[in-house]
Amino acid sequence: MTTLVQIQEIEKSFPLSGSDTYLALKGIDLQIRKGEFISLIGHSGCGKSTLLNMIAGLDLPTGGTVLVDGEVVRRPGPDKMVVFQNYSLLPWLSVRENIALAVDEVMPDLPKAERDAVIDDHIAMVGLGPASHKRPAELSGGMRQRVAIARALAIKPKLLLLDEPFGALDALTRGNLQEKLMQICNEHALTAVMVTHDVDEAVFLSDRIVMLTNGPGSVIGGILEVDLPRPRQRLSVVHHPSYYSLRSEIIYFLNRQKRVKQWQAKPHKVLARHGLEKVNLDLGFVPLAACAPLAVAQAKGFFSKHGLDAVQLVRETSWRGVTDGLVDGTLDAALMPSGMPAWMTAGGHGGPPLPVVSSLTLSRNGNGITLARRLADQGVHNVDDYRRYLLSHQREPHRLGIVHPASMHNLLLRYWLASHAIDPDHDVHLQTIPPAQMLADLKDGSLDGFCIGAPWLDRAQADGHGFTVAGDLAIWPGHPGKVLGVREDWALAYPNTHIALTKALLEACQYCAEPSHWGELSELLSDRRYLGMKKEVIWFSETGADGSSTVPHHLFFGKGVNRPSRSEHLWILTQLARWGEIPFPRNYVEILERICAVGVFSTAARELGLDAVSYQRGPIELFDGRPFDVDHPIDYLNAVSVHRDFSVAEIALGAPRPLAG
Amino acid sequence: MTTSTNSTSSRSDRSPTGLPLWWKQTRKAFLPPLFGIGGFLLFWQLSATLGLTKLAGPLSLFTEERTRELLFYPFFDRGGLDKGLFLHAMNSLSRVALGYTLAAVVGIAVGIAVGLNKALDRALDPLFQFLRMVAPLAWVPIALVLFQNNQPAAIFVIFVTSIWPILINTAEGVRQIPQDYRNVALVLQMSNRNFFTKVLIPSALPYIFTGLRISIGLAWLAIIAAEIVMPGTPGIGFFIWDAYQNSYVSDIILGVIWIGAIGLLLDRLMVWLQNRIAAGQ
């Protein structure tokens, strides 16, 4: 396919009063192929309409160029026809006259009879034959927009530009018009660019969705390829497995933009008090049973006890929000999967490597692998049954859900599958989905199973849609679950705050580990600020909610539970490299030294009088009994039978330096 | 008004037909103004009869023989300035027609130019705002000096009084052309000529008509002023002035009634034109 539109390094600024300028867009680069349908999505004021106007030539960029069919766009023209949001019909002309105006203007050389035929064809195409003599004021909004579309298409543009074309219409009319537009675009192989606010509209219509960040200085925050097969039907498209992940991707992006905007709107002064460098902290977490220490530290006043009297817990819907929050500095610290510090430090999140420090392991265990109930009904009761099932049902897509590539769930699930001769990338398809979506997908059958933590795995069981095929105790008892993570530069800038935070959370962990507190924890976490679930599904004992058992489901506190462990992070590095998430760092010793803030932990534990917890754990050994030799990680990696191609590379982190300002 | 009467009649239990129905439907529209006008005339007549004022009452139109003749015979022409009131009015109207047409042509043309060109607008707007505040009567001496002749001077006074609302409204109408329409023209790469005839004029038309309607009233006001000050030209203004010189009070009243009636008719005419031409917007 050939490129029709090339947008190169576009920048647009508007003059403000005085000599100031407002930078609306910068560094926008986009290629649009012939026949492609592109949506521009973003919050109000992100410059998406400005971008459209620049493609149309109604507005000129202050930097960069737009090429349509190889020609620089300098002025508007009928080859780049625009369908405006408010229809822009001339009210003194009838439907037919409005379309005729455009056709007569653009095709003056065509004989009158042919022009008339073009006009009539397009009126019929949008189904407005009976209304062709009516004036716009006599038509409904949907009909007016159909006239505008007919007028645009009648002059045979190379490129159709739509500026929130259906924004002002009711849902039913909008749906009908979207289908009509898609049908027309398919039939005529039109190239179109549409500005929209509507996530579903974007997913339904587009080949690619361009997401713009907030202004000033909006950039392309991401481009999504919509892999839904065409022709698309409104009702069936929502059942496609990609639909919801695309949708949640966009919604995640928009929410993220909103959060950044809100964060920027607040003043962010560093409050130093009580000898601590910063006491106003934004702590990110994802609603899980393992977030209990954070909730307890807040509710029981452990933060304030250690001088952190302005801590705010920020609930993220996915781990991605935590990663992005640390990258852009909107979060001070976060509860994160134990693989995330190593993953981010090695640059697994896609940006430049960002050293992340962990001074505390907050929880261990509490995870499990769930398979769908319908598999059990077909005789799948253990992993060997599942392998046979996969072999006999090869043509079906076998999706398994994980919450994040760097989470222990992913690594354990992959390790478990691979040990049972199921290649986690070839035999099944591992997909990152938010937990709530996993339950829904498991229920409607588009997911074979998933590996997540409590309370989600218990809920699948309780709802009767899934069963636990392997608990984490059967895979790696005592594996690290969630850790506390901060940026290295943050830790260096606020060392006393870091220790205070570690102390507060370590004390909270101790509180969470006490069986007599579990009822209270369930109650606390059931609150809307945290999990927002019934407290009956949130439990902390291994046997369930009956309250009598004191065998813990999660390990929050104890000997060797909380101390950050270099060997565990090393094991995680090997596994991330094994599955191609990161190259294995040749300088892994340096990286581990920087990830594990053992000194911070030891200071915190000593000052709390909890010296006993700082003993190191024994060697790492998973259910298959293969020993992990911490001195030869590459040998360990080479010895496994199933792995992706991985490279060993030096990961340049630069010298540690504190956060500026 | 009509809808409210309709709904009242449909709500009543008895449904009259024919003449009673017509009366039922129209009495609300006609009775109040009838009472208002009747009351006013009665009060006027009473105050004149009782000698509260020197002004003759409305009945003097019929009681004074000269006035009665003028009232019933508007078309006579004894040559010179001794004409029926219809002919006087026609003289005035033709002057108005000339001055007003001139004002409309110049006003619309300049209005469009000013509306399209911001620099021109900024240059001329203070001047227009100033000139439009000058009363018609104040223009008379200037006009007389300028033209040295009653007839063109009278036309100039009408022109200069009635041009401003047309000009200012046209300019506003052009400025108010929605950006959407301009964008459509831009995207279609319309020629200037087509933009002018197919977008600009139709879009500004309601504004232009508003200006024209305000101006016709002003033009009619101006002609009376001009003729009163410039005697010796046949016209309704002169007629009133002449009657005043001769103390024919009832003639003055008749003249005033003619002026009011013609003014009203002109205004209705413009409304009718507006509805016909600029309909659907």
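Thresholds applied
Residues numbered from 1 in each chain as written. Chains lettered and ligands numbered in written order. Predicted model: local features only at pLDDT ≥ 70, side-chain atom pairs only at ≥ 80, totals over all residues. Heavy atoms only, no water. Pairing = 2+ DSSP bridges. Helix = DSSP H or I, 4+ residues; strand = E, 2+ residues; numbered from the N terminus. Contact = heavy atoms within 4.5 Å. Axes fitted to C-alpha atoms, helices over the stretch in contact; angles between N-to-C directions. Buried area = accessible area lost by both parts, 1.4 Å probe. Salt bridge = Lys/Arg side-chain N within 4 Å of Asp/Glu carboxyl O. Polar contact = N/O pair within 3.5 Å; in protein donor to acceptor, adjacent residues only side chain to side chain. pLDDT = per-residue confidence, 0-100. 1 Å grid on protein atoms, 1.4 Å probe; cavity = no way out; pocket = protein on both sides within 12 Å on 5 of 7 lines; lining within 4 Å. Points joined across faces, edges and corners; volume = space filled by probe spheres on them. Nonpolar A, V, L, I, M, F, W, Y, C, P; charged D, E, K, R; others polar. Disulfide = S-S within 2.5 Å. Phe/Tyr/Trp six-rings, centres within 6.5 Å; stacked < 30°, edge-to-face > 60°. Buried < 20%, exposed > 50% of the residue type's maximum accessible area, 1.4 Å probe, protein only. Lys NZ or Arg CZ within 6 Å of the ring centre and 35° of its normal. Core = buried A, V, L, I, M, F, W, Y, C linked by side-chain atoms within 4.5 Å.

Considerations on the sheet that holds strand S1 (residues 3-15) of chain A
Residues and elements named next belong to chain A. Here we have four strands laid out as an open sheet, ordered S2-S1-S4-S5, and antiparallel in their pairing. With partners counted over all chains shown, the strands left at the sheet margins are strand S2 (21-33) and strand S5 (71-72), one partner each. Note that S1 and S2 share nine bridges and pair antiparallel. Bridge assignment links Ser13 to a residue of S2, and that residue is Leu23. Sheet contacts for helix H1 (residues 48-56): S1, S2 and strand S4 (63-68); angle to S1, the most-contacted strand, approximately 120 degrees.

Things to note about the interface of chain B and chain A
Of the residues lining the interface, 18 residues belong to chain B; the matching set on chain A comes to 22 residues. With both chains or domains summed, chain B and chain A bury close to 1,800 Å², and 65% of this area falls on carbon and sulfur atoms. By the criterion of area lost to chain A, the three top residues of chain B are Val187, Leu188 and Gln189 of chain B, representing 35% of everything that side buries. At the boundary of chain B and chain A, one finds zero salt bridges. Between chain B and chain A we count four residue pairs in polar contact (both at pLDDT 80 or more) in total. Of all the elements in the fold, those that place two or more residues in the side of chain B that touches chain A are helix H9 (179-187) and helix H10 (192-229) of chain B. The dominant element in the side of chain B that touches chain A, judged by the number of residues it contributes, is H9 of chain B, at six residues.

Remarks on the confidence of the model for chain B
Residues and elements named next belong to chain B. Mean pLDDT for chain B: 85, with 93% of residues reaching 70 or above. Counting contacts from residues 1-12, a segment whose pLDDT is below 50, to residues more than four positions away or on other chains yields seven contacts. With pTM at 0.72, the complex prediction returns an ipTM value of 0.73.

Some details on empty space enclosed by the protein
Picture a little ball the size of a water molecule; that probe, rolled over the atoms, points out where space is still empty. Applying the stated criterion across every chain yields a total of five cavities of 30 Å³ or more. Roughly 50 Å³ of internal volume is contained in the largest cavity. Grouping the constituent residues of the lining of the largest cavity by class yields three nonpolar, seven polar and one charged.

A closer look at the state of the cysteines
One covalent bond between the sulfur atoms of two cysteine residues makes up a disulfide. According to the stated counting rule, one finds zero disulfides over all chains in the structure shown. Cysteine Cys596 of chain A is unpaired, with the sulfur of Cys509 of chain A as its nearest cysteine sulfur at 16 Å.

Overview of the packing of aromatic side chains
All names here are of chain A. Enumeration according to the criterion identifies 19 aromatic pairs over all chains in this entry. Note on Tyr243 and Tyr244: the rings are 5.4 Å apart at their centroids and 80 degrees apart in plane angle, and the pair reads as edge-to-face. Residue class for Tyr244 comes out partly exposed when judged on its relative accessible area of 36%. Between the aromatic rings of Trp490 and Tyr494, the centroid separation amounts to 5.3 Å while the plane-to-plane angle is 65 degrees, which identifies the pairing as edge-to-face. Following the ring pairs from residue to residue traces out a cluster consisting of Tyr415, Trp476, Trp571 and Phe623. In this structure, Arg234 is placed above the aromatic ring of Phe204, and the distance from its NZ or CZ to the ring centre is 4.3 Å.

Some points on the nonpolar core
Of all hydrophobic cores here, the largest spans 150 residues; its most connected members are Val5, Ile7, Ile99, Leu160, Val193, Ile209 and Ile250 of chain A. Of the residues forming this core, the biggest block, 15 residues, is contributed by H10 of chain B. Setting aside chain neighbours within four positions, we find Val193 of chain A in contact with Ile32, Ile38, Leu40, Leu52, Ile55, Leu159, Leu160, Leu161 and Leu162 of chain A. Judged by nonpolar contacts, the second largest core, of 138 residues, contains Leu294, Leu439, Val537 and Val600 of chain A.

A look at the side chain of Thr170 of chain B
All names here are of chain B. Looking at the secondary structure, you find Thr170 in helix H8 (residues 150-175). Looking at Thr170, the relative accessible area reads 0%, which means it is buried. One polar contact links the side chain of Thr170 to the main-chain carbonyl oxygen of Ile166, over a distance of 2.6 Å. For Thr170, the residues in contact, after removing those within four places along its chain, are Gly107, Ile108, Gly111, Ile112 and Ile208.

Notes on the pattern of salt bridges
All names here are of chain A. In the structure shown here, the tally under the stated rule is 42 salt bridges over all chains. Close ionic contact of Asp79 with Lys80 constitutes a salt bridge, the shortest N to O distance being 3.4 Å. For Lys80, a relative accessible area of 6% puts it in the buried group. Between Arg234 and Glu179 there is a salt bridge whose closest N-O contact spans 4.0 Å. With Arg234 in helix H7 (residues 234-237) and Glu179 in helix H5 (residues 171-188), the pair connects residues that are 55 residues apart, well separated along the chain. By relative accessible area, which is 29% here, Arg234 ends up partly exposed. The exposure class assigned to Glu179 is partly exposed, which follows from its relative accessible area of 31%. A single salt-bridge network, built from bridges that share partners, covers Asp69, Asp79, Lys80 and Lys158.

Remarks on the pairing of S1 of chain A
Residues and elements named next belong to chain A. Once S1 ends, the chain turns through five residues before running back antiparallel as S2, passing Gly18 with a positive phi of about 75 degrees. Across five bridges, the pairing between S1 and S4 is antiparallel. Following the sheet pairing, Val5 is matched in S4 by Val68.

As for the sheet that holds strand S10 (residues 220-225) of chain A
Residue and element names in this part refer to chain A. Ordered by their spatial adjacency, six strands build an open sheet running S6-S7-S8-S3-S9-S10, and the pairing between neighbours is mixed. Of all strands in the sheet, those bounded by a partner on one side alone are strand S6 (80-83) and S10. For this sheet, the mean angle separating the axes of adjacent strands, direction not counted, is 20 degrees. Summarising the sheet, strand S7 (residues 159-163) and strand S8 (residues 191-196) pair through five bridges and their orientation is parallel. Paired with Asp163 across the strands is Val195, a residue of S8. In this fold helix H4 (residues 141-154) packs onto S6 and S7, with an angle of close to 175 degrees to the strand it touches most, S6.

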